[in-house]
Amino acid sequence: RKRMRAISDPMVHAQEGWHLELENVEDPLTYKGVVYNEMKGVYSSPDSLLQREAQQSIFPDNAYGVDSGGDPVDIPNLSFEQFAAFHAKFYHPANSRIFFAGDDDVAERLEIMAEYLGDFDASPESKPGSAIEWQKKRYEEPVKVRHPYPVSDKGADGQPDTHLMQVNWLMNDKQLTPKEEITSTVLDHLLMGTTSSILRKTLMESGLGDAITGGGLANELMQGTFSVGLKGVKPENVDTVENLIVDTLKKVVEEGFTEDAIAASMNTIEFDMREFNTGSFPKGLSLMLGSMREWVYDRNPTDALKFEEPLAELKESIAQDGSKVFQVMVKEFLLENSHRTTVEMFPSTTLEEEQLTEEKDRLAKIKESLKEEDLQSIIDTTAKLKKLQAAEDSPEARGTIPSLDLADLRREVTEYPIDVTDNEADSGVTVVRHELGSTSGITYAKLAVDVSDISLEDVALLPLLTRIMMETGAGEYDSVALSRRIGTHTGGVSVSTMISGVNKEGSTPGVVGEGEHFVSKILISGKSTSDKTEELFSIFDLILRDANLDSQAKIIEMLRESKSRGESTVQGSGHAVANARIRSR
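In this text, all values refer to a predicted model and were calculated from it rather than measured experimentally. Numbering of residues begins from 1 in every chain and follows the order in which that chain's sequence is written. Thresholds applied to this predicted model are a pLDDT of at least 70 for local features of residues and 80 or more for the giving and counting of side-chain atom pairs; totals over whole chains, interfaces and linings are not thresholded and use all residues. Excluding hydrogens and water, the side-chain values take into account all heavy atoms of the structure.

1. Let's talk about the nonpolar core
The test is simple: Within this scheme, the nonpolar core is defined by two criteria: the residues are buried Ala, Val, Leu, Ile, Met, Phe, Trp, Tyr or Cys, and they are joined through side-chain atoms within 4.5 Å. When accessible area is computed with a 1.4 Å probe and restricted to protein chains, residues below 20% of their type maximum are described as buried, those above 50% as exposed, and intermediate ones as partly exposed. Put simply, DSSP marks the helices as runs of H or I at least four residues long and the strands as runs of E at least two long, and each gets a number from the N terminus on. Contacts are assigned to residue pairs with any non-hydrogen atoms lying within 4.5 Å of each other.
Counting 40 residues, the largest nonpolar core has L191, L199, F226, I245 and F326 as the members making the most contacts within it. Where this core is concerned, the elements lending two or more residues are β4 (163-170), α8 (178-192), α9 (198-205), β6 (225-233), α10 (238-255), α11 (259-275), α13 (308-321) and α14 (324-335). Sequence-distant contacts of F326, that is, excluding residues within four places in its chain, are made with T183, V186, L187, L190, F257, I262, L314 and I318. Membership of the second largest hydrophobic core comes to 22 residues, among which are L22, Y36, L375 and I379.

2. Observations concerning the pattern of salt bridges
Where we set the bar: Here, a salt bridge means any side-chain nitrogen of Lys or Arg that lies within 4 Å of a carboxyl oxygen of Asp or Glu.
Taken as a whole and judged by the stated rule, the model has 35 salt bridges. A salt bridge links E242 to R340, with the shortest nitrogen-to-oxygen separation between them at 3.2 Å. Remark: R340 occurs in strand β7 (residues 340-348) and E242 occurs in helix α10; sequence separation between them is 98 residues. One salt bridge connects K527 with E275, and the closest N-O pair in it is separated by 2.9 Å. Within this pair, whereas K527 is found in strand β12 (residues 518-529), its partner E275 is found in helix α11, the two being separated by 252 residues in sequence. Residue E275 is classed as buried on the basis of its relative accessible area, which comes to 8%. Among the ionic contacts, a cluster of salt bridges with common partners joins E21, E23, K32 and K386.

3. Points about the packing of α11 against helix α20 (residues 479-489)
The cut-off we apply is this: Axis angles are defined between N-to-C directions and span 0 to 180 degrees, where every axis is a line fitted to C-alpha atoms and, for a helix, only to the segment in contact. Each angle is binned into one of four classes, with values under 35 degrees roughly parallel, values over 145 roughly antiparallel, values of 65 to 115 roughly perpendicular, and all other values oblique. Less than a right angle of anticlockwise turn of the near helix away from the far helix marks a crossing as left-handed, whereas a clockwise turn marks it as right-handed. Amino acid classes used here: Ala, Val, Leu, Ile, Met, Phe, Trp, Tyr, Cys and Pro are nonpolar; Asp, Glu, Lys and Arg are charged; the rest, including Gly, are polar.
It is at 7 Å that the axes of α11 and α20 come closest, and there the two elements cross at 45°. Here α20 runs oblique to α11, going by the angle between their axes. As for how α11 packs across α20, the hand of that crossing is left-handed. Along the contact surface, α11 presents D260, A261, A263, A264, N267 and T268, while α20 presents R484, G487, T488 and H489. Its residues assigned to classes, the contact of α11 with α20 comprises three nonpolar, five polar and two charged.

Structure below.
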């Protein structure tokens with residue numbers, strides 16, 4: 001059997017993983033490599049560092065506490081031989097899950113598998129070696145972790161850098177029942193699911209920070225975690241934020257959730273589960289990914305896709321005792337759970353320089369320890385790598401990449417059945433209907449309002465306007481009541497913008513225009529069961545006509561959050577920001 005290059009050619013490991021680089025003997029040694037450079041980028045992002053510290057603090061004893069991408073300090077300790085041995089042990093069919101979706105012939109599936117699997121020998125160590133041990137709830141009292149993140153020195157006149165903080169719980173150290181699984185999902189929506197959810201709303205309206213961190217429940221691992229906090233926190237307010245989180249949860253235990261809040265969250269979660277709308281993502285792949293949450297831990301793969309029975313059990317509990325099932329979960333899984341950590345990230349103007357100095361010193365010691373022939377070997381390898389990187393792939397190599405030919409494409413244009421009505425019911429509105437064979441009884445609707453008459457300078461304000469329309473209430477409804485009406489009667493409503501450049505009439509085709517002519521529209525989108533369509537359009541009308549646009553405090557809160565998000569984007573995805581600026585020219 002021919003082995004793949006990744007585990008047979010050390011040059012692939014050198015290029016994609018890491019290598020020592022040296023072009024001239026007198027030059028300093030440097031580390032290079034795709035993964036090495038990527039992880040250095042990750043470790044420069046405050047948000048990434050926060051999540052890393054949070055996960056490592058919650059899982060001190062099992063594999064989840066190890067950085068799967070690799071710490072840049074440790075990556076150079078991984079040899080090619082170790083990498084190849086790891087792949088041979090763990091990336092073996094004995095440790096795999098094979099999934100088919102579709103109506104293809106079962107016998108053909110088995111033949112495909114046999115053709116591939118027949119080349120492999122048994123590997124009895126693969127599966128046991130991959131077992132994840134349960135992290136026990138072993139903290140007798142909550143743990144606090146402080147860690148620096150790198151910032152530049154802004155000088156005496158610069159705005160002081162703020163802290164990030166996050167409170168984290170290990171939810172369970174044994175398998176949850178199906179009812180507990182679905183209860184935790186609904187509880188997460190009640191606490192964090194919308195801007196009007198009590199924990200998220202309380203934190204954002206506190207003015208103690210700029211944006212939410214953590215996001216609540218994470219249940220994709222074998223053990224669930226719950227994390228929430230704020231970024232943009234002044235150092236003197238870190239403890240205040242932690243107390244506010246705990247006090248809000250205590251309030252939930254004491255007062256519970258209102259009937260309409262529970263109804264809204266239950267409808268939202270149930271709607272999503274029944275709809276199973278994967279968009280353009282293949283449904284078969286979605287089923288596979290959904291099943292993996294159980295299957296990868298050697299549990300029944302279909303259990304992750306079943307919800308009818310536990311949902312019925314949860315509804316019965318709510319019918320009997322109202323909010324009690326959620327209050328008990330908050331009390332037992334969070335407030336009385338001492339396996340809790342609070343991670344605080346504080347700014348350091350010297351951290352980056354300290355890390356660079358440590359790396360340079362380490363590389364200098366390595367160079368001092370090498371003989372002349374060792375240095376020459378690194379120089380030769382560097383030259384070889386650069387030559388390989390600059391070389392084009394051979395036609396034979398390119399021929400191994402699957403591709404489409406013109407013959408594979410359909411020549412016929414797909415016609416979608418639509419019915420266009422101008423001036424629907426003398427309203428002046430054009431309605432486009434597209435009836436599908438089956439939408440599982442769900443109506444999908446979009447209302448587009450042309451706002452192309454606004455000035456170019458005001459176009460940049462449209463995203464803020466659309467957010468205000470959804471998050472400040474409308475008519476007699478405040479933001480909480482509007483969110484609950486949407487959650488109770490629909491599968492979701494959103495407001496967005498559609499801005500599309502157009503060329504002036506008579507302009508030369510293919511020539512970039514002045515960039516000042518647009519079609520700008522506000523889109524109100526939503527979905528509901530067919531019997532709730534009238535209610536869906538009533539909500540559309542309410543948001544469009546009666547949105548409360550005068551909530552100054554809420555708008556300032558949104559701007560602070562957007563600013564924080566933008567700063568994080570620049571730090572973590574600077575290339576995307578540069579690309580957006582270029583595309584906007």
